[in-house]
Amino acid sequence: MQLPRWWELGDPCAWTGQGRGTRRMSPATTGTFLLTGEISNDPITFNTNLMGYPDRPGWLRYIQRTPYSDGVLYGSPTAENVGKPTIIEITAYNRRTFETARHNLIINIMSAEDFPLPYQAEFFIKNMNVEEMLASEVLGDFLGAVKNVWQPERLNAINITSALDRGGRVPLPINDLKEGVYVMVGADVPFSSCLREVENPQNQLRCSQEMEPVITCDKKFRTQFYIDWCKISLVDKTKQVSTYQEVIRGEGILPDGGEYKPPSDSLKSRDYYTDFLITLAVPSAVALVLFLILAYIMCCRREGVEKRNMQTPDIQLVHHSAIQKSTKELRDMSKNREIAWPLSTLPVFYPVTGEIIPPLHTDNYDSTNMPLMQTQQNLPHQTQIPQQQTTGKWYP
């Protein structure tokens, strides 16, 4: 199939092979395939899927940020995929001219047993996105820095994963923050002393306190890659104990060729009538007893309540009479209190004759009924004030 001029298949950085659209790779390496539209500046989007299926294989990932950026198809196959050709359908859409094009990418996965990489180290690079790290020149620079520190005879990138696929958070769109990328590399020689420095107790303590560990070879990466040394992982497969255990046949395992024999139809029937009665009768009896007790309390013991209600008015009358009697006693006692009488009720001297004028009220006078304002009365020996005559003439 001839591709249109606005679509170009880029060269992979780790896949090898001959023939356009056919690539070979092994489980010990990671492969990337660049889908680009560099010939024209049209917006192009890509859709990838396994032939005959709606999605890609589980080990293959695809990323494209914008229609104007390149699409990257990358991943690391597993040992189960060895010897199985994987055909990926790639469909390109030109968003300006609405043209479409389809191409089949055939990936042949080979066994990596001839080139074992038992020593594997995984780095977390904070200042890179996955598509930036997958570029051939950037990944080559990183592998070159690792090779200078590790000094292996054979070094390959085994897996490249975005930090978002490991549960990382999407960074804020400030200060050109990156998502971060995990890069696992494998070599055929043991780890160098520089890489082992992460495992010493001092650096482990600093990592637990969220401090930067002291790594002597960090300056070889710092010029281009910012590595989080607290997240580095060193795996030595030569020391891993195999978890495979030989199956020892016993009584619980059927011999080869054994068949399952279901029970025969002539099983003894069981009568569930008694169980049904017990299950139903016991709760019903308990509910009936509780109902009878509640009915007795609510209906049969109301006679005493009615008698108490009939006696209630007599009790209220007695209480009211006691209050009235107590009020009367208090009023009688208030009349006999020795209190200071007002000046208006004390005896005074008559200003003309000097006689003592008796008080207006006697001692046995009921002061509770005394008005506040006394009426004027013409008492004996009281000086009469002449009244002005309204008629006649006035003579000086």
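Everything numeric here is computed off the predicted structure, so don't read it as measured data.

## A few points about the state of the cysteines
- For the structure shown, the criterion picks out two disulfides.
- Between the sulfur atoms of Cys194 and its disulfide mate Cys217 the distance is 1.5 Å. Residues Cys194 and Cys217 are joined through a disulfide that is left-handed, its torsion about the S-S bond being -80°. Of this pair, Cys194 sits in helix α3 (residues 193-196) while Cys217 is found in the loop between α4 (201-208) and α5 (219-222), placing the two residues 23 residues apart along the sequence.
- Given a relative accessible area of 8%, Cys194 falls into the buried group.
- Accessibility expressed as a relative area gives 5% for Cys217, which makes it buried.
- The side chain of Cys207 participates in a disulfide bridge whose partner is Cys230; the two sulfur atoms lie 2.2 Å from each other.

## So, the pairing of strand β9 (residues 119-125)
- Taken across its seven residues, β9 has seven buried, putting it largely inside the fold.
- In β9, alternate side chains face the same way, and those of Tyr119, Ala121, Phe123 and Ile125 on one face and Gln120, Glu122 and Phe124 on the other are all buried.
- Alignment of β9 against strand β11 (residues 181-187), held across seven bridges, turns out to be antiparallel. Residue pairing in the sheet places Gln120 in a bridge with Gly186 of β11.
- Direction of pairing for β9 relative to strand β12 (residues 233-236): antiparallel, over a ladder of four bridges. When the bridges of β12 are listed, Glu122 appears paired with Ser233.

## Quick word on the UniProt feature "transmembrane region" (unreviewed entry) in the protein
- Mapped onto this numbering, the UniProt entry gives "transmembrane region" (unreviewed entry) at residues 276-299.
- Regarding residues 276-299, the helix share stands at 100% and the strand share at 0%, and the terminal C-alpha atoms are separated by 34 Å.

## Remarks on the packing of aromatic side chains
- All told, the structure shown has nine aromatic pairs when counted by the stated rule.
- Ring centres 5.3 Å apart and planes at 75° place the aromatic pair Phe142 and Phe225 in the edge-to-face group. Placement of Phe142 in helix α2 (residues 136-150) and of Phe225 in the loop between α5 and β12 is noted, with a sequence separation of 83 residues between them. An identical accessibility class is assigned to Phe142 and Phe225; each is buried.
- Where Phe221 meets Trp229, the ring centres are 5.8 Å apart and the plane angle is 75°; that geometry is what we call edge-to-face.
- Every member of this aromatic cluster is reached through a ring pair, and the members are Phe123, Phe142, Phe221, Phe225 and Trp229.
- The positively charged end of Arg166 is found above the aromatic ring belonging to Tyr182, 4.5 Å away from the centroid.
- In this structure, Lys231 packs its charged tip against the face of Phe124, placed 4.5 Å from the ring centre.

## A word on α2
- Relative to the 21 Å expected for 15 residues at 1.5 Å per residue, α2 spans 20 Å between its end C-alpha atoms, a close match to the ideal helical length.
- Residues of α2 that are buried include every one of Val138, Leu139, Phe142, Leu143, Ala145, Val146, Val149 and Trp150, and no others. Down the axis of α2, the sector holding all buried residues measures 155°, keeping them to one side.
- On its buried face, α2 sits against β9, α1 (130-133), β10 (155-162), β11, α3 and α5.
- A positive backbone phi angle near 60° is found at Gln151, which sits one or two residues after α2.

## Structural notes on a nonpolar patch on the surface
- On the surface, Ile278, Val282, Val286, Val289, Leu290, Ile293, Leu294, Tyr296, Ile297 and Met298 cluster together into a nonpolar patch covering about 980 Å² of accessible area.
- Along the polypeptide, Ile293 turns up in helix α6 (residues 273-300).

## Considering the pairing of strand β7 (residues 86-94)
- In terms of burial, β7 is a largely internal element, seven of the nine residues being buried.
- Summarising the sheet, strand β4 (residues 44-50) and β7 pair through seven bridges and their orientation is antiparallel. Paired with Asn47 across the bridge in β7 is Thr91.
- With eight bridges connecting them, β7 and strand β8 (residues 100-109) associate as antiparallel partners. Looking across to β8, one finds that Ala92 is bridged to Ala101.
- Here β7 folds back onto β8, and the loop between the two strands holds five residues, one of which, Phe98, carries a positive phi near 60°.

## As for the sheet that holds β10
- With antiparallel pairing, the four strands of this open sheet are ordered in space as β10-β11-β9-β12. Two strands lie at the open edges of the sheet, namely β10 and β12, each paired on one side alone. The average angle at which neighbouring strand axes cross in this sheet is 20°, direction not considered.
- Note: β10 against β11, seven bridges, orientation antiparallel. Residue Ile160 lies in a different strand from β11, and its bridge partner there is Val183.

## Considerations on the nonpolar core
- Counting residues in each nonpolar core, the largest one holds 39 residues, and the members touching the most others are Phe123, Ile125, Met133, Phe142, Trp150, Val185 and Trp229.
- If you list the elements that add at least two residues to this core, you get β6 (71-75), β9, α1, α2, β10, β11 and α3.
- The dominant element in this core, judged by the number of residues it contributes, is α2, at eight residues.
- Each of domain 1 (7-109) and domain 2 (119-236) gives at least three residues to this core.
- Among residues more than four places away in sequence, those in contact with Ile125 are Met133, Phe142, Gly180, Val181, Val183, Phe225, Tyr226 and Ile227.
- In terms of nonpolar packing, the next biggest core, distinct from the first, is built from twelve residues, Leu60, Tyr62, Leu73 and Ile109 among them.

Conventions adopted
Residues numbered from 1 in each chain as written. Predicted model: local features only at pLDDT ≥ 70, side-chain atom pairs only at ≥ 80, totals over all residues. Heavy atoms only, no water. Disulfide = S-S within 2.5 Å. Helix = DSSP H or I, 4+ residues; strand = E, 2+ residues; numbered from the N terminus. Buried < 20%, exposed > 50% of the residue type's maximum accessible area, 1.4 Å probe, protein only. Pairing = 2+ DSSP bridges. UniProt positions renumbered as here; feature names shortened; annotations may be inferred. Phe/Tyr/Trp six-rings, centres within 6.5 Å; stacked < 30°, edge-to-face > 60°. Lys NZ or Arg CZ within 6 Å of the ring centre and 35° of its normal. Expected span 1.5 Å × (residues − 1). Arc of directions from axis to C-beta. Contact = heavy atoms within 4.5 Å. Patch = residues over 30% accessible without salt bridge, like charges linked within 9 Å, V, L, I, M, F, W, Y side chains within 5 Å. Areas by Shrake-Rupley, 256 points an atom, 1.4 Å probe, with all protein chains shown as cover. Salt bridge = Lys/Arg side-chain N within 4 Å of Asp/Glu carboxyl O. Axes fitted to C-alpha atoms, helices over the stretch in contact; angles between N-to-C directions. Core = buried A, V, L, I, M, F, W, Y, C linked by side-chain atoms within 4.5 Å. Domains from an automatic or database assignment.

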